[in-house]
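What follows is the residue order along each chain.
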Amino acid sequence: MMNRISKIVAGIAVCMLQPVLAQENTGEVAESTGTPVERITEIPQDTTVVNQVSEAAPQALPAATESKGEKVKVDGVVSVIGDYIILESDIDKSYIDLQNQGVSIKDISRCQLLGKLMEDKLYAHQAVQDSLEVSDKQIMAQTEQQLNYLVSQVGTMENLLAYYKKSDEESFKEELFQINKIRVLAENMQSKVVDEIEITPEEVRQWYNNIPEDERPVFGAELEIAQIVKEPEVPEEEKQKVVNRLREMKRDIEENGASFATKAILYSKDPGSSTKGGFYHVTKHTGFAKEFMDVAYTLREGEISDPFETDFGWHIIKIDKIRGQELDLRHILLMPEIPQDALDKTQKELEEVREKIINEEVSFADAAREFSDEKETKFEGGQLRNPSNMDTRFELTKLDPTLYNQVRNLKTGEVSQVYKEEDQKKPGRITFKILKVTNKYEDHKADYVKDYMKIKELALKEKQIKAIREWMEKTIEDTYIMVNSDYKDCDFSNNWLKK
């Protein structure tokens, strides 16, 4: 496969751009050579000095000299793909984005990031040529959600603009919009290439038979799991205690001038905002609970809501600023305490259900339908589905750690003990569960009959990869591509095909 890709890359019409140099404190640009450079000299370029763009990956930045009278390298064009250009700062921003996602950049080279950017631009360029439509409204909604998340990480819009060295919110939003639009175009183009590809049972059989027996894939241990969930009932008096406490906070803020942000830091149980004084930047498209959004958009600037309930607990909201359909708000979240006797009662009820299942008085599936409080699974007899493909099988090594610890020693048909679980997404929410391993599949070499669906998926993926290779080969031949001479030694073999 790699030889094939390398041949494709070798066929790229790669031209070399001379590095763009600027004389410090002057508008003087060093003379460039070659027709390819002349073709892009009219493209506007950001002249921010490269070593000022980002401190995220200083070891990866091109060398730049700042001493007086010497030339410094500016944010020049690294590559041209059809109608798109890639700047040095685009690579730097990729490093920042990876770091913000918690990804280590230690072993990621600029060549690798450039190759990925070139690949995305190639898909996007061809999407435009093929007149693939994208919804600007949908992309703007995604951009606003992204912006809200970024603001939530740094506290305020001002902090965010300072972090990314942007002068105003609108220009930053427009830049994010263009980035997201290219991403969506690239995704749509790749989908167009592979979506209509199908594979017949005969093709699957031939693909499988062509694999030498000692090279056939080995599938890891898998489980099918069902569960019954019971949630303790919160007494009304405990709910009322929380409501009264939130009312007291509201009164203290309104009548005594107490700080809403300080109270959020001290008392709010929302891990996503408590350290930032309960702050969120929201729009109509922010994916918060409907009850939360309904209350937020009825308040005036500076107004504090009465306590209200969502699935996460009880809230009060204060509106800091209104910008059209955008809100800067703060909120405090509290959850009612669940008394120990309510916890004990729920655990005992579920232990009694387990006893009936063990004594074969009722099947696990029927017990789930009758007793489980989890609407998503009870009507399927408690059967869990893998969210990645909606299949009932889970790879043992990829299970959530809590779930893994409960089922790893169970045999097919066995039922776990009752255990208590605290929801990490909804702090304070406690449930009790029992699990059953309905089927267990040990590590094994691929079997055509037992693993047909997995084998079919692998065969289809290889067919799709072949189609992408052929598409890429043709598209590269028909697309104007240039690469800066600083990157002439890059090997893009691993970038011109998405795994």
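Now for a quick tour of the structure. Just so we're clear, the structure is a prediction, and the values are computed from it rather than from any experiment. (Residues numbered from 1 in each chain as written. Predicted model: local features only at pLDDT ≥ 70, side-chain atom pairs only at ≥ 80, totals over all residues. Heavy atoms only, no water.)

## A few points about the sheet that holds strand β8 (residues 279-282)
Right, so step 1: An order of β8-β11-β10-β9 is seen for the four strands of this open sheet, with the pairing classed as antiparallel. Only two strands of the sheet have a single neighbouring strand rather than two, namely β8 and β9 (308-310). Mean inter-strand twist for the sheet, computed between neighbouring axes without regard to direction, equals 45 degrees.
Right, so step 2: As paired strands, strand β10 (residues 313-323) and strand β11 (residues 326-334) are joined by nine bridges and run antiparallel to one another. Bridging across to β11, His315 finds its partner in Leu333.
Right, so step 3: Where helix α10 (residues 236-256) meets the sheet, its contacts fall on β9, β10 and β11, and the angle it forms with β10 comes to roughly 30 degrees.
Right, so step 4: Each of β10 and β11 touches helix α11 (residues 260-267); the most contacted strand, β11, lies at about 45 degrees to it. (Pairing = 2+ DSSP bridges. Helix = DSSP H or I, 4+ residues; strand = E, 2+ residues; numbered from the N terminus. Axes fitted to C-alpha atoms, helices over the stretch in contact; angles between N-to-C directions. Contact = heavy atoms within 4.5 Å.)

## Brief notes about helix α9 (residues 201-209)
Right, so step 1: Along α9, the residues that are buried comprise Val204, Trp207 and Tyr208. On an axial view of α9, the arc spanned by its buried residues comes to 95 degrees, and they lie on one face.
Right, so step 2: Tucked into the core, α9 has its buried residues touching α17 (452-478). (Buried < 20%, exposed > 50% of the residue type's maximum accessible area, 1.4 Å probe, protein only. Arc of directions from axis to C-beta.)

## Quick look at the packing of helix α5 (residues 110-129) against α17
Right, so step 1: Running from N to C, α5 and α17 cross one another at 75 degrees; their axes reach a closest spacing of 11 Å. On the basis of the axis angle, α5 is roughly perpendicular to α17. Of the residues in α17, those touching α5 at Leu122, Tyr123 and Gln126 are Ile468, Trp471, Met472, Thr475 and Ile476.
Right, so step 2: Here the contact of α5 with α17 is composed, by residue class, of six nonpolar, two polar and no charged. (Parallel < 35°, antiparallel > 145°, perpendicular 65-115°, else oblique. Nonpolar A, V, L, I, M, F, W, Y, C, P; charged D, E, K, R; others polar.)

## With respect to a negative patch on the surface
Right, so step 1: Together, Glu349, Glu351, Glu352, Glu355 and Glu361 make up a region of like negative charge exposed at the surface.
Right, so step 2: If you trace the backbone, Glu349 turns up in helix α13 (residues 340-358). (Patch = residues over 30% accessible without salt bridge, like charges linked within 9 Å, V, L, I, M, F, W, Y side chains within 5 Å. Areas by Shrake-Rupley, 256 points an atom, 1.4 Å probe, with all protein chains shown as cover. Salt bridge = Lys/Arg side-chain N within 4 Å of Asp/Glu carboxyl O. Lys, Arg positive; Asp, Glu negative; His and termini not counted. Charge placed at Lys NZ, Arg CZ, Asp CG, Glu CD.)

## Quick notes on the state of the cysteines
Right, so step 1: For the structure on display, the rule yields one disulfide.
Right, so step 2: One disulfide bridge connects Cys111 with Cys490, the sulfur atoms lying 1.8 Å from each other. Looking along the S-S bond of the Cys111-Cys490 disulfide, the torsion reads about -65 degrees, which is the left-handed sense. Residue Cys111 is found in helix α5, and its partner Cys490 is found in the segment after β16 (481-484); the two are separated by 379 residues along the sequence.
Right, so step 3: Overall, Cys111 belongs to the partly exposed group, its relative accessible area being 24%. (Disulfide = S-S within 2.5 Å.)

## Points about the sheet that holds strand β14 (residues 430-441)
Two modes of strand pairing occur in sheets, parallel and antiparallel, and in both the strands are linked by backbone hydrogen bonds.
Right, so step 1: The four strands lie next to each other as β12-β7-β14-β13, forming an open sheet whose pairing is antiparallel. Each edge of the open sheet is held by one strand with a lone partner, namely β12 (393-395) and β13 (419-422). For this sheet the average axis-to-axis angle between neighbouring strands, irrespective of direction, equals 55 degrees.
Right, so step 2: Taken together, the four bridges between β13 and β14 define a ladder with antiparallel strand orientation. Considered in β14, the bridge of Glu422 is made with Ile430.
Right, so step 3: On the sheet, α13 packs against β7 (222-230) and β14 and is oriented at approximately 25 degrees with respect to β14.

## What to know about the pattern of salt bridges
Right, so step 1: Tallying each qualifying case throughout the model produces 29 salt bridges.
Right, so step 2: Residue Lys463 pairs with Glu203 through a salt bridge whose shortest N-O separation is 3.1 Å. Of the two residues, Lys463 is situated in helix α17 and Glu203 in helix α9; the sequence distance between them amounts to 260 residues.
Right, so step 3: Given a relative accessible area of 30%, Glu203 falls into the partly exposed group.
Right, so step 4: Here the residues in one salt-bridge network are Glu88, Asp92 and Arg110, joined through shared partners.

## Some details on the nonpolar core
Burial of nonpolar side chains together is a common tendency in soluble globular proteins.
Right, so step 1: Ile91, Leu114, Met118, Tyr123, Met472 and Tyr487 are the most contacted members of the largest nonpolar core, which has 33 residues in total.
Right, so step 2: Looking at this core, the elements that each hand over two or more residues are β4 (77-81), β5 (84-87), α4 (88-100), α5, α8 (169-195), α17 and β16.
Right, so step 3: Here this core takes eight residues from α5, the largest share from any one element.
Right, so step 4: Listed in part, the 17 residues of the second largest apolar core include Val353, Ala367, Ile430 and Phe432. (Core = buried A, V, L, I, M, F, W, Y, C linked by side-chain atoms within 4.5 Å.)

## Section: the packing of aromatic side chains
Right, so step 1: Counted under the stated rule, the structure contains six aromatic pairs.
Right, so step 2: On the basis of an interplanar angle of 70 degrees and a centroid distance of 4.9 Å, the ring pair of Tyr280 and Phe288 is categorised as edge-to-face.
Right, so step 3: Its relative accessible area of 13% is what places Tyr280 among the buried residues.
Right, so step 4: Classification of Phe288 as partly exposed rests on a relative accessible area of 29%.
Right, so step 5: Relative to Phe292, the ring of Phe288 has its centre 5.4 Å away and its plane inclined at 90 degrees; by these criteria the two rings are edge-to-face.
Right, so step 6: Through a chain of ring-to-ring contacts, three or more aromatic side chains come together here, namely Tyr280, Phe288, Phe292 and Phe308.
Right, so step 7: Above the face of the Tyr441 ring, Arg393 is positioned so that its terminal group lies 3.7 Å from the ring centre. (Phe/Tyr/Trp six-rings, centres within 6.5 Å; stacked < 30°, edge-to-face > 60°. Lys NZ or Arg CZ within 6 Å of the ring centre and 35° of its normal.)

## Thoughts on the environment of Gln347
Right, so step 1: Within the secondary structure, Gln347 is located in helix α13.
Right, so step 2: As a C-alpha pair, Gln347 and Pro232 span 115 residues in sequence and 8.5 Å in three-dimensional space.
Right, so step 3: Apart from the residues lying within four places of it in its own chain, the contact partners of Gln347 are Val418 and Phe432.

So, to be careful, I would describe these as geometric facts and stop short of saying anything about function.
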